[in-house]
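# Structural overview
If you want the building blocks of each chain, they are given just below.
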Amino acid sequence: MKTIKLAVIGAGARGFLSYMPYVQRFPREVEVVAVAEPNEERRMRFAEALNLTSEQLYSTWEEFLNEPKLCDALLICTQDQMHYEPTVAALRKGYHVLLEKPMSNNPNECVEMEAIAREEGRLLSICHVSRYTPFWQKMKQLISDGSIGEVMSIQHNENVGYLHYAHSFVRGNWRNDTLSSPMILAKSCHDMDLIRWIVDADCTKVSSFGSLSHFRIENAPAGSTDRCTDGCEVESTCPYSALRFYMQDIETNPFAALIADPPTEANRMNAILGGPYGKCVYRTDNNVVDHQTVNMEFENGVTVMFSMSGFTRDMNRIVQVMGTKGEIRGDLLSSTIDLFEFSTGMQTVTQIPISKSGHQGGDDGIMRQFVSDLRNERYIDTLTSAQASLESHLMAFAAEDSRLNGGAVVDMKLFRQSFAPASSPSSLTLDILH
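This report concerns the structure included in the present document.

With that settled, the discussion passes to the nonpolar core. Counting residues in each nonpolar core, the largest one holds 89 residues, and the members touching the most others are Phe64, Leu74 and Met296. Top contributing element to this core by residue count: helix H14 (residues 386–404), with eight residues. Every residue in contact with Leu74, bar those within four places of it in the chain, is listed here: Ala7, Ile9, Phe64, Leu65, Ala90, Tyr95, His96, Val97 and Leu98. Ranked by size, the runner-up nonpolar core spans 30 residues in total, among them Leu50, Leu52, Leu57 and Met367.

Attention now moves to helix H7 (residues 134–144). Of all the positions in H7, only Phe135, Trp136, Met139, Lys140, Leu142 and Ile143 are classed as buried. All buried residues of H7 project into a common sector of 160 degrees when viewed along the axis, lining one side. Where H7 is buried, its residues touch strand S7 (151–159), helix H10 (189–199), strand S11 (316–323), strand S12 (326–331) and strand S13 (336–341). Remark: Gly146 follows H7 within two positions and exhibits a positive phi of approximately 80 degrees.

Read from one edge to the other, the open sheet built from nine strands follows the order S14-S13-S12-S11-S7-S10-S9-S8-S15, with strand pairing classed as mixed. If you trace the sheet from one side to the other, it starts and ends with strand S14 (347–351) and strand S15 (410–411), each paired once. Looking at chain direction, strand S9 (residues 291–298) and strand S10 (residues 303–309) are connected through seven bridges and run antiparallel. Note on S10: the bridge partner recorded for Thr293 is Ser307.

What follows deals with the packing of aromatic side chains. Considering all chains together, one arrives at 16 aromatic pairs under this definition. Seen in terms of ring centroids, Tyr162 and Tyr240 are 6.0 Å apart; in terms of plane orientation they differ by 70 degrees. Their pairing is edge-to-face. Of the two residues, Tyr162 is situated in helix H8 (residues 162–171) and Tyr240 in the loop between strand S8 (203–211) and helix H11 (242–246); the sequence distance between them amounts to 78 residues. Note on Tyr162: relative accessible area 29%, which makes it partly exposed. Classification of Tyr240 as buried rests on a relative accessible area of 7%. For the pair Phe215 and Tyr240, a centre-to-centre distance of 5.2 Å together with 75 degrees between the ring planes defines the contact as edge-to-face.

Our next topic: the packing of helix H6 (residues 107–120) against H14. In the contact formed by H6 and H14, the axes pass within 10 Å of each other and the chain directions differ by 170 degrees. In terms of their interaxial angle, H6 and H14 are classed as roughly antiparallel. Of the residues in H14, those touching H6 at Pro107, Cys110, Val111, Glu114 and Arg118 are Ala386, Gln387, Leu390, His393, Leu394 and Phe397. Here the residues of the contact of H6 with H14 sort into seven nonpolar, two polar and two charged.

Judged by pairing direction, the sheet is parallel, and its six strands sit side by side in the order S3-S2-S1-S4-S5-S6 without closing on themselves. A single partner strand is all that each edge strand has here, and the edge strands are strand S3 (57–58) and strand S6 (124–126).

Across the interface, helix H5 (residues 84–93) lies against H6 with an axial gap of 10 Å and an inter-helix angle of 10 degrees. In terms of their interaxial angle, H5 and H6 are classed as roughly parallel. When H5 is examined against H6, the residues Tyr84, Thr87, Val88, Leu91 and Arg92 are found in contact with a partner set consisting of Glu109, Glu112, Met113, Ile116, Ala117, Glu119 and Glu120.

Attention now goes to the side chain of His156. Relative to the elements of secondary structure, His156 occurs in strand S7. Engagement of the side chain of His156 in a polar contact is seen with the side chain of Asp191, the distance being 2.7 Å. Setting aside its immediate chain neighbours within four residues, His156 contacts Trp136, Asp191, Ile195, Met305, Phe306, Ser307, Arg317, Ile318 and Val319.

Parameters at a glance
Residues numbered from 1 in each chain as written. Predicted model: local features only at pLDDT ≥ 70, side-chain atom pairs only at ≥ 80, totals over all residues. Heavy atoms only, no water. Core = buried A, V, L, I, M, F, W, Y, C linked by side-chain atoms within 4.5 Å. Buried < 20%, exposed > 50% of the residue type's maximum accessible area, 1.4 Å probe, protein only. Helix = DSSP H or I, 4+ residues; strand = E, 2+ residues; numbered from the N terminus. Contact = heavy atoms within 4.5 Å. Arc of directions from axis to C-beta. Pairing = 2+ DSSP bridges. Phe/Tyr/Trp six-rings, centres within 6.5 Å; stacked < 30°, edge-to-face > 60°. Axes fitted to C-alpha atoms, helices over the stretch in contact; angles between N-to-C directions. Parallel < 35°, antiparallel > 145°, perpendicular 65-115°, else oblique. Nonpolar A, V, L, I, M, F, W, Y, C, P; charged D, E, K, R; others polar. Polar contact = N/O pair within 3.5 Å; in protein donor to acceptor, adjacent residues only side chain to side chain.

Structure (C-alpha cells):
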C-alpha cells in the first residue's frame, strides 16, 4: 500500500490538532514531510510531534512552494483570507489539496479555484467534515433509502452557543468579515453544504434576514469598561466575563486553551490583559451578525428554512426533514435520529455512537477519505470536492447578498452566471455553473 506524503500549510488548531492525530495513528497510510508556519512556537511544536527535521520546516507557504515538488498533496489550514493564493499556487505546482472551509470569502476566487482544479486534473477537497460523521451519514442514508418518501421541506437550526459565539465571533478571529468572512460563510457554510447534500438538487431562490443586534456599544451595561480587567462594575455578573470564562480549567473549557500557546494560567491571563479575548463583548471591532435566517427553494420543489443564532445555551444542530411518507428529527448534541413513518405510526429512535475524533468523527473521516481518494486516483466529483462544495458556497454568498439588500430574493441561476469566468481556463466545461 502506497504511503501518501503530505505537507501542511498552517499549523494552528485545525492543521495540527484536528488532522495530525490521524497521521500519528496511521503512519503507514500517510506521512507528513514538511510544514509551513510563520509562528515559530507552533512550527517547532509541530516538528517535534511529527518528527520533522529543520530542513523540513518553512516559515511561509511561498518558501515551501518555491521548492521542487516534495510530496503528493498539501493540507492548507490558513485563515479564510489566506486560502486562495496558496491553493492556486499548489494546484499549478501539481499538488492535490485538502483545503479548510470556506474555500474563500470571495465568490470569484471560489469559482476560479474549482476551475483550476479541473483544468489541472487535481483533487481539491474542502473540509466539510460534517458529511463524514456517523450522524449525518445516517441522516443521508435514511433519506436516500426513501424512509420518508420524497422530501418536501426542511427546518435546520444551528445553535452556535452563547459562549462559543462570544469567543469566536465577537472576540475571536471570525469577528469581522473584513478579517475573515461573513457569518453565513465562516460558520454556516457547513450547514449550507449539508442542506445541499440532503436535498440533492440545485438551489433556485434564496432570501435572508439578520443583523448584529446585541453585541454593540450602545448595549454595554452601565459601569462596564473597555476590558473585563479594567475595573468593570458588572464583570462578576456578566455572562461573557473573560476572567471567569478563560481562567477555567482547559479540560472543562476547551476554548480557554485557544487564547494562548501554551495555555498556562499565566499565559492565559496575559492574553486576557492584552489581547482581544479580554475585550468587553460590547466594545470590540466585531461586525458579523449574531442571528440570521435563510429561506431557500430548490429545483425539485423542496423548501428549506435555516436559522443561526448566537443566543443559545448549547452548541448544537437540530434538523427536521419532512417527507411525503414520514418525518425525521435529528439532534446532534444528543446524537439521536428520530424517524416517524406515517403509514404505520411507527417511531424509531436511533442513538448514533459518538466518536472521540474531532467534529464527531468528521476530522478522521475526511482524512481517511482524502488519503483513499489520492491512493485510488479519484480526483473529480468526490464527496467534498470543490465541485461539490462550490454550489453551497454560492448559496451562502447569495444569502449574504440578500441580507444586505433587505431580504430581496436572489435568483440563483443569474447569481451563478454573474461569477462564471468570461472564458473557461480549459476545454473542460464548468457544468456546475449552469
